[in-house]
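# Tertiary structure, described
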Amino acid sequence: MAGFLQQQADQFEPMRQRMVKTQIMNRGISNPAVLDAMRKVPRHLFVPKEYQDEAYNDYPLPIGYGQTISQPYIVAYMTEVIRPGSRMKALEIGTGSGYQAAILAEIVDKVYTIEIVPELAKESEERLKKLGYKNVVCKYGDGYQGWKEYAPFDLIIVTAAAETIPQPLIDQLAEDGRLVIPVGKPSAVQELQLVVKKKSKTEIKRLTFVRFVPFKRL
Ligand code: SAH
């Protein structure tokens, strides 16, 4: 990270360490790679300036265009549940601020991420580049169709709530791959579901209740 950004990051270091301890570890997240990533990624650089002081608090924050950056615990939980490994290839639908992509990029080999709001797609791509994430590939578009060119993916994270799991994403999941997605009506509480592909069959596990912004279509 560049000197200027490093300095900014340091100022928030104690808040970030406290966040990991009280919000993440105390709630049962234990994967060391996930915890390390959460300790490292400067979350305050992924939120609008006026919310920087709140970046490490226990709730989601607005990032403009009616969208939000997820609560830190939810990011950690979704990352842990897909069991990320250092040689894996991940797909994220809903880049938003780029924070979840950065967390994944700290752990896995390569991250592909798609965002449907053009301004956010551009901003997050620039942000990730500036922060030195060379293993993240960003794209503007409707993530419903996944990203065929780079499929199959070991891991897929969807960070917007869909009424049903998009079939193209299930198709693009590798053997033994894991996909996590909030499923439910946009205005309601949704259910976080985990899809595991085994011998070309899919198993769906229902995890917990969450509230996400709606999955949109172009
Ligand atoms: N992962 C993000 C959270 C962003 S909120 C972060 O770490 O900040 C969910 C995002 O999904 C929003 O930015 C929204 O615009 C985007 N989105 C909604 N429907 C989408 C779709 N069909 N394809 C791609 N992105 C979508």
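Structural notes, computed from the coordinates.

Definitions and limits used
- Residues numbered from 1 in each chain as written.
- Predicted model: local features only at pLDDT ≥ 70, side-chain atom pairs only at ≥ 80, totals over all residues.
- Heavy atoms only, no water.
- Helix = DSSP H or I, 4+ residues; strand = E, 2+ residues; numbered from the N terminus.
- Expected span 1.5 Å × (residues − 1).
- Buried < 20%, exposed > 50% of the residue type's maximum accessible area, 1.4 Å probe, protein only.
- Arc of directions from axis to C-beta.
- Contact = heavy atoms within 4.5 Å.
- Pairing = 2+ DSSP bridges.
- Axes fitted to C-alpha atoms, helices over the stretch in contact; angles between N-to-C directions.

## Looking at helix 5 (residues 118-130)
End to end, helix 5 covers 18 Å across 13 residues, agreeing with the expected 18 Å (1.5 Å per residue, within 8%). Considered for burial, the residues of helix 5 that qualify are L120, A121, S124, R127 and L128. Angularly, the buried residues of helix 5 cover 135 degrees about the axis, an arc narrow enough to put them on a single face. Facing away from the buried side of helix 5 by more than 90 degrees, the exposed set consists of K122, K129 and K130. In this fold, the buried residues of helix 5 make contact with strand 1 (61-64), strand 2 (67-69), helix 4 (99-107), strand 4 (110-115) and strand 5 (136-140). G132 sits one or two positions beyond helix 5 and adopts a positive phi of about 90 degrees.

## Details of the sheet that holds strand 7 (residues 173-183)
The sheet built from seven strands is open, its strands ordered 5-4-3-6-7-8-9 with mixed pairing. One side of each edge strand has no neighbouring strand; the edge strands of this open sheet are strand 5 and strand 9 (201-210). Shown here is a sheet whose adjacent strand axes are inclined to one another by a mean of 15 degrees, direction ignored. The pairing of strand 7 with strand 8 (residues 190-198) spans six bridges and is antiparallel. When the bridges of strand 8 are listed, V183 appears paired with E191. Against the sheet, helix 3 (residues 72-81) makes contact with strand 6 (153-158), strand 7, strand 8 and strand 9, and its axis sits at roughly 160 degrees relative to strand 9, the strand it touches most. This element, helix 5, spans strand 4 and strand 5 of the sheet and lies at about 165 degrees to strand 5.

Purely geometric numbers; function is a separate question.
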